[in-house]
Amino acid sequence: MHDTPDPGDRGDAVCVVGAGASGLAAIKSLREQGFAVDCYERETSVGGAWNWRHDRSPIYSGTHLISSRPLTEFPDFPMPDTWPDYPHHSKVLEYLERYAKHFRLDQDIWFGMEVSSAVPAGDGKWDVTIRSTGGGSSRVQRYAAIVVANGHNWSPAAFEAPGDFTGQVIHASAYKDPARLRGRKVLVVGGGNTGCDIAVEAAQQATRVWHSTRRGYWLAPKYVFGRPADQVNDRLLRWGLPLRLRQWLYRRTVKLTSGDLTRYGLAEPDHRPYESHPIVNSQLPYYLGHGTIEPVPDVERYDGASVILTDGTKIEPDLVITATGYRPRFDFLAPELLDTDEDGRPDLHLHAFARRHPTLAVIGLLQPDSGVFPLAHWQSVAVARWLRLRVTDPERAAAVQQKESTRPVQSWSRRRVIPTQRHWFEVDHVDYLRSVEGLLNEMGSVR
Ligand SMILES: NC(=O)C1=CN([C@@H]2O[C@H](COP(=O)(O)OP(=O)(O)OC[C@H]3O[C@@H](n4cnc5c(N)ncnc54)[C@H](OP(=O)(O)O)[C@@H]3O)[C@@H](O)[C@H]2O)C=CC1
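The rules behind each value
Residues numbered from 1 in each chain as written. Predicted model: local features only at pLDDT ≥ 70, side-chain atom pairs only at ≥ 80, totals over all residues. Heavy atoms only, no water. Helix = DSSP H or I, 4+ residues; strand = E, 2+ residues; numbered from the N terminus. Rg over C-alpha atoms; globule rule 2.2 N^0.38 Å. Buried < 20%, exposed > 50% of the residue type's maximum accessible area, 1.4 Å probe, protein only. Contact = heavy atoms within 4.5 Å. Areas by Shrake-Rupley, 256 points an atom, 1.4 Å probe, with all protein chains shown as cover. Lys, Arg positive; Asp, Glu negative; His and termini not counted. Charge placed at Lys NZ, Arg CZ, Asp CG, Glu CD. pLDDT = per-residue confidence, 0-100. Pairing = 2+ DSSP bridges. Axes fitted to C-alpha atoms, helices over the stretch in contact; angles between N-to-C directions. Near = heavy atom within 4 Å. Polar contact = N/O pair within 3.5 Å; in protein donor to acceptor, adjacent residues only side chain to side chain. Nonpolar A, V, L, I, M, F, W, Y, C, P; charged D, E, K, R; others polar. Domains from an automatic or database assignment. Parallel < 35°, antiparallel > 145°, perpendicular 65-115°, else oblique. Left-handed = near helix turned anticlockwise from the far one by under 90°. Core = buried A, V, L, I, M, F, W, Y, C linked by side-chain atoms within 4.5 Å. Buried area = accessible area lost by both parts, 1.4 Å probe. Salt bridge = Lys/Arg side-chain N within 4 Å of Asp/Glu carboxyl O. 1 Å grid on protein atoms, 1.4 Å probe; cavity = no way out; pocket = protein on both sides within 12 Å on 5 of 7 lines; lining within 4 Å. Points joined across faces, edges and corners; volume = space filled by probe spheres on them.

1. Some words on the overall build of the chain
And then number 1: Of the regular secondary structure elements, the chain holds nine helices and 26 strands.
And then number 2: The globule rule puts the C-alpha radius of gyration for 447 residues at 22 Å, and the 23 Å found for the chain is close to it.
And then number 3: Referenced to the eigenvectors of the C-alpha coordinate spread, the extents of the chain come out at roughly 80 × 55 × 45 Å.
And then number 4: By residue count, 54% of the 447 residues in the chain fall in the buried class.
And then number 5: Within the chain, residue pairs in contact and separated by at least 24 positions form 68% of the contacts whose partners lie at least 6 positions apart.
And then number 6: For the chain, the exposed surface amounts to about 20300 Å²; the carbon and sulfur share of it is 50%.
And then number 7: In the chain, which carries 53 positive and 54 negative side-chain charges, the distance between the mean positions of the two groups comes to 5 Å.

2. Comments concerning the confidence of the model for the chain
Parts of the model with low pLDDT should not have their predicted coordinates read in detail.
And then number 1: The share of residues in the chain with pLDDT of 70 or more is 98%, and the mean pLDDT across the chain is 95.
And then number 2: Across residues 1-5, where pLDDT falls below 50, the model places zero contacts with residues more than four positions away in sequence or in other chains.

3. Points about the sheet that holds strand β5 (residues 126-132)
And then number 1: Here we have three strands laid out as an open sheet, ordered β4-β5-β6, and antiparallel in their pairing. Two strands in the sheet have a free side with no partner beyond their single neighbour: β4 (113-120) and β6 (138-143). Mean inter-strand twist for the sheet, computed between neighbouring axes without regard to direction, equals 25°.
And then number 2: Pairing between β4 and β5: seven bridges, direction antiparallel. From the neighbouring strand, P120 faces β5, where its bridge partner is W126.

4. Quick word on the site of the ligand
And then number 1: Among the 25 residues in the neighbourhood of the ligand, the closest are listed as H64, T194, R215, Y217 and Q367.
And then number 2: The backbone of G191 places a nitrogen or oxygen atom 2.8 Å from an oxygen atom of the ligand.
And then number 3: Alone, the ligand offers 930 Å² of accessible surface; in the complex the protein occludes 88% of this.
And then number 4: With three residues, helix α3 (residues 193-205) is the largest single contributor of residues to the shell around the ligand.
And then number 5: Of the residues assigned to the shell around the ligand, the class counts are seven nonpolar, 13 polar and five charged.
And then number 6: Shared between two domains, the shell around the ligand holds at least three residues of each, these being domain 1 (8-155 + 326-443) and domain 2 (160-322).

5. A closer look at the packing of helix α1 (residues 21-32) against helix α2 (residues 89-102)
And then number 1: One can describe the packing of α1 onto α2 by two numbers: an axis separation of 11 Å at closest approach and a directional angle of 15°. In terms of axis orientation, α1 runs roughly parallel to α2. Seen along the crossing, α1 lies across α2 with a hand that is left-handed. The residues of α2 that touch α1, namely those facing A21, L24, A25 and K28, are L96, Y99 and A100.
And then number 2: Split by residue class, the contact of α1 with α2 holds six nonpolar, no polar and one charged.

6. Quick notes on the nonpolar core
And then number 1: Judged by nonpolar contacts, the single largest core of 56 residues is most densely connected at L24, L30, F74, V147, L387, Y432 and M443.
And then number 2: Contributions of two or more residues to this core are made by β1 (14-17), α1, β2 (37-41), α2, β7 (145-148), α7 (373-392), α8 (394-404) and α9 (429-443).
And then number 3: Element by element, the count of residues in this core is highest for α7, at 10 residues.
And then number 4: In this view, L24 contacts A19, V46, L96, Y99, A100, L105 and I109; residues no more than four positions away in its chain are not counted.
And then number 5: Within the second largest apolar cluster, 27 residues are counted, among which are A199, V200, V209 and L266.

7. Some thoughts on the packing of α1 against α7
And then number 1: Interaxial distance between α1 and α7 falls to 8 Å at its minimum, and their mutual angle equals 35°. Crossing of α1 over α7 shows right-handed handedness. Between α1, through A21, S22, A25, A26, K28, S29 and L30, and α7, the contact on the second element is made entirely by F373, A376, H377, S380, V381, A384 and L387.
And then number 2: Of the residues belonging to the contact of α1 with α7, the class tally is nine nonpolar, four polar and one charged.

8. Comments concerning the domain arrangement of the chain
And then number 1: Under the domain assignment used here, the chain contains domain 1 (8-155 + 326-443) and domain 2 (160-322).
And then number 2: Domain 1 and domain 2 are separated by 30 Å when their C-alpha centres are compared.
And then number 3: Taken together, the 30 residues of domain 1 in the interface contact 33 residues of domain 2.
And then number 4: Roughly 2800 Å² of surface becomes buried between domain 1 and domain 2 when both sides are summed, with 49% attributable to carbon and sulfur atoms.
And then number 5: Put simply, domain 1 and domain 2 have one salt bridge between them.
And then number 6: Across the pair E275 and R416 runs a salt bridge whose closest N-O atoms are separated by 3.3 Å.
And then number 7: Applying the counting rule to domain 1 against domain 2 returns 15 residue pairs in polar contact (both at pLDDT 80 or more).
And then number 8: Counting residues per element, the ones that place at least two in the side of domain 1 that touches domain 2 are β25 (367-368) and α9.

9. Quick notes on the side chain of R69
And then number 1: With respect to the helices and strands, the residue R69 is situated in the loop between β2 and α2.
And then number 2: Every residue in contact with R69, bar those within four places of it in the chain, is listed here: M79, P80, D81, W83, P84, D85 and P87.

10. A short note on the layout of surface pockets
And then number 1: Space inside the second largest pocket adds up to approximately 400 Å³.
And then number 2: Lining of the second largest pocket is provided by 21 residues; of these, W218, V254, D260, L261 and P269 occupy positions nearest its centre.
And then number 3: Its residues assigned to classes, the lining of the second largest pocket shows 10 nonpolar, six polar and five charged.

11. Some points on the sheet that holds strand β16 (residues 294-296)
And then number 1: Strand order across the open sheet formed by five strands is β9-β20-β10-β11-β16, with parallel pairing between neighbours. The open sheet has two free edges, formed respectively by β9 (168-171) and β16, since each of these has just one partner strand. Averaged over all neighbouring strand pairs, the angle between strand axes comes to 20°, with direction disregarded.
And then number 2: Contacts from α3 reach β10 (185-189), β11 (208-212) and β20 (319-322), with the element oriented near 165° to β11.

Encoded structure:
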């Protein structure tokens, strides 16, 4: 006689949280390993960060890819050849919708449903509480594993300066359209890709634009030697050129293309090339050169209608846009499950595998020097195979786990980057993919 399963028990099924690019890749790989999958997506359609129709998306109307098409697409689902090198964000969403449709992933997605908690239920299982985003009661389902793909670019990193400001302050996450900049005096805070993009858009709309950064950066153009810059970098990495040589080449290339940007007032970078997350923007030097963007140092405080900068300068913007980035959030998981420290930084093997919970993994928690989709694809393949191996050969799974746990963090995480929060998940795509390949080889055939 068999026990009647609890109605909430989904047996060997895996729960996936989020149906953005990473969640979609996870569903596909898990299915390929024979798992039933329930994916919960709080919005009403796929796309995650690229689903610009919902409020939490960081997309603004001018967003284009900053990694080129071949380095962005999933390895098993190319973008059309007719698409440009750096497609518009609406094309990226279309691409993800096509991917979901092609692999019939919608069948496994529960839209308008969010995971409010996931707790270990013994034996590697998870009790996952799900509720409708429209309200109503919750239900608990038991899963054999949980794969988290809730993105890390939706919860704004707060920017606080002392004092009171009588103008308007918004985070970049609330910036959607350059029309709101028209005729205004705008201060953009933050020198990441978002801050640089918004400064460029402001240069075309606002009456005055200040761009505040707390350090100097290496700005990469979108094209070098007639090719998308990331493709040239990828080639150099695959040739195995030593870092020092790549750094020298980078400096030379920047000198030959944009020239010395400090003559426009930009701060000298306080680090070498490749020691910070790439900032890809060909237009910023153009507007700096035309004087329509004024680079300024960090904000010290607000003072009524003024903003006082660290060099003592007083400026009077009427709109401040803080492009200070985003922080990961896993509200439905107790912090210790991901070994999260007091700053909110999880400590995961390969930024993906929970160290003490073999049936808990995170996909897409990466900041690569290329597009993240291919990395999310291979992470998903590895996670799905790992979960299958645990079922088919628990002894070998234990041996793989033992061996992997000795792999040094430096082999898959960026060796040298400036130690700021924006580099928590920084990786070189080639090194990272080699490490995932190492894990896949270690696992071998899992059937
Ligand atoms: N088209 C695309 O595909 C785009 C992709 N992106 C990606 O989205 C992710 C997020 O980018 P982004 O939103 O630019 O965020 P980032 O975290 O990359 O950059 C944040 C910027 O704000 C600065 N900053 C943070 N906190 C403070 C503070 N308290 N005071 C002053 N300055 C501060 C940082 O300085 P510091 O360096 O000193 O920490 C950095 O210059 C990145 O991976 C980026 O590449 C972004 C835009 C477009």
